[in-house]
Amino acid sequence: MKKIILSIAVLGLALSSCDDFLTKEPLMNQSSDLALSTFDGIDGATAGNYLSTISWYGEAFPITFDVMCGNGMVGPINTGRMRQAPAWNFTPTSELGLWSAAYSAILNCNKVLTAIDQNTFSRATTVTDADINNVKAENLFLRALAYFDLVRVYAQSYNYIQSAGITDERALGVPIVRVDNLTARPARNTVAEVYEQLIIPDLEEAERLMDPSYVRAGVADRVATITTPVIQALMARVYLEHNDWQKAANYATKVITNGRFRLLSGDDFLEMWKGRDIASWSNDEFIFEIYVSQSDGTRTSLGSYLTAPEQVGGAGYGDVRMSNDLISLFDDSDIRLTGLTKTNSRYPGYRWCTKYPGKTGGLPYNNVPILRISEMYLIRSEAILRGATVSGVSSALDDLNRVATSRGASSYSVATLSNIFEETRKEFFFEGHVFFDMKRMQIALTRTDYDLEETTRNIEYPSYRWAFPIPENDVLYNSNMDQNPGYQSN
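Structure report, in brief. (Residues numbered from 1 in each chain as written. Predicted model: local features only at pLDDT ≥ 70, side-chain atom pairs only at ≥ 80, totals over all residues. Heavy atoms only, no water.)

1. A look at the overall build of the protein
Step number 1: Assigned secondary structure in the protein consists of 18 helices and six strands.
Step number 2: Taken across its 490 residues, the protein has 61% of its residues classed as buried.
Step number 3: Sequence separation of 24 or more characterises 74% of the internal contacts of the protein that already satisfy a separation of 6 or more.
Step number 4: When the accessible surface of the protein is split by element, carbon and sulfur atoms take 47% of a total near 17,800 Å². (Helix = DSSP H or I, 4+ residues; strand = E, 2+ residues; numbered from the N terminus. Buried < 20%, exposed > 50% of the residue type's maximum accessible area, 1.4 Å probe, protein only. Contact = heavy atoms within 4.5 Å. Areas by Shrake-Rupley, 256 points an atom, 1.4 Å probe, with all protein chains shown as cover.)

What follows is the structure, encoded as structure tokens:
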């Protein structure tokens, strides 16, 4: 099987105008009929689908949400970037850019899945049904992940829609597209339909199909490939968003008890963020990540955005500093503050994140975590607090404190949604979690450290702003596509 080359820069996201993507052929052409006529072609296209599906995690996707939600602010050097995110002033012609990247990934996954389902390819005698099932499971996972990100960005949260009994246009999600029919003009499915007709069925089938011992061959990083625990970890996150508290707890427990991942502390925890090549070190906390290597010609922009202006081996832009609102949450003994942030003598009074330090002094080369074991403990804590039960786990407080104390922070005296949110905010800063956690928990945004217009300092919940605008051209050229409330043209 072919080595995965994750050329993150190919599909990097930017705040820009998007074409009418669903009526155009995706840029990647690995899934052409000719390429998919053999199993080797299908396997190679699947490797390419890894690239297209998780490309957005290597660019502005994780940072944007933290800047929007008060974890980060624009740094002391004004590069002109990251000014739109904190003000939440996205428009149909200037939005996140996820839409086109995600649907490109979805259409390429659909081509592979169609070829497998229709059995239109030849295979060598050494190719087994298990080989085909594993590749199918990978594409189902990637398609589900793309849809999960789409529906969380371009729609209101499932929890809010259900709790408020919403049935109008605010309940709309994104279009479900299972075939690469470029003449179709799909309407938006509801948020519930996106979860219940695609995301959850895809992940359930992927878990059923994948061999528990499967690891994609030729991959340099053992946690940059889709395996059974990766599928189960995403299922825990999806079920939490879908209000399936017991299933969320069950799947988080499957990953926790798998034996392959464990919470680290002290120097071991800091070591995993040092950007070394996976081949030379062991990382027990990352479940799934983007692996970036200079030798592969792959790169990300996270280090440049977040790194302080002075850095050995190269200067970062310093675009995004840690906000004082975020810093104030940490205990002085918390290793996430003392070991994963830094000050800068040239710009006193500011602090920067060091989670993306670059490899061998090269800022563009950073591994990017997507799923970590600490999230499984916090998912299970929230699920138990909301009514789930797990044998052998006495309370939601147990899991909450496992994460906090492993980082050198004080333990909590009680598990509340507020405390769980605070811990997830500290644990996953600049990993892109905070926006989605706030939506699920229906938490309004309040900021003290803020230097833009006063009218945009705080964002109430609920608000139309928690769902990004659909790109303008996709509405203009598709009469079936409804724009989100609050963004319609006059």
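2. Notes on the pattern of salt bridges
Step number 1: In this structure the tally under the stated criterion is 34 salt bridges.
Step number 2: Residue Arg-407 is joined to Glu-285 by a salt bridge in which the shortest nitrogen-to-oxygen separation is 2.8 Å. With Arg-407 in the loop between helix 15 (396-406) and helix 16 (417-427) and Glu-285 in the loop between helix 10 (266-271) and strand 2 (286-290), this pair connects stretches of sequence that are 122 residues apart. Each member of the pair, Arg-407 as well as Glu-285, is classed as buried.
Step number 3: Each of Glu-285, Asp-334, Arg-336, Lys-355, Arg-372, Arg-407, Glu-422, Glu-423, Lys-426, Glu-427 and Glu-431 takes part in one network of salt bridges that share partners. (Salt bridge = Lys/Arg side-chain N within 4 Å of Asp/Glu carboxyl O.)

3. What to know about the pairing of strand 6 (residues 368-372)
Step number 1: Most of strand 6 is tucked away, with five of its five residues classed as buried.
Step number 2: Both strand 2 and strand 6 contribute to a ladder of four bridges, which runs antiparallel. Across the sheet, Glu-289 pairs through a bridge with Pro-369, a residue of strand 6. (Pairing = 2+ DSSP bridges.)

Note that all results are geometric; they support no functional claim without further evidence.
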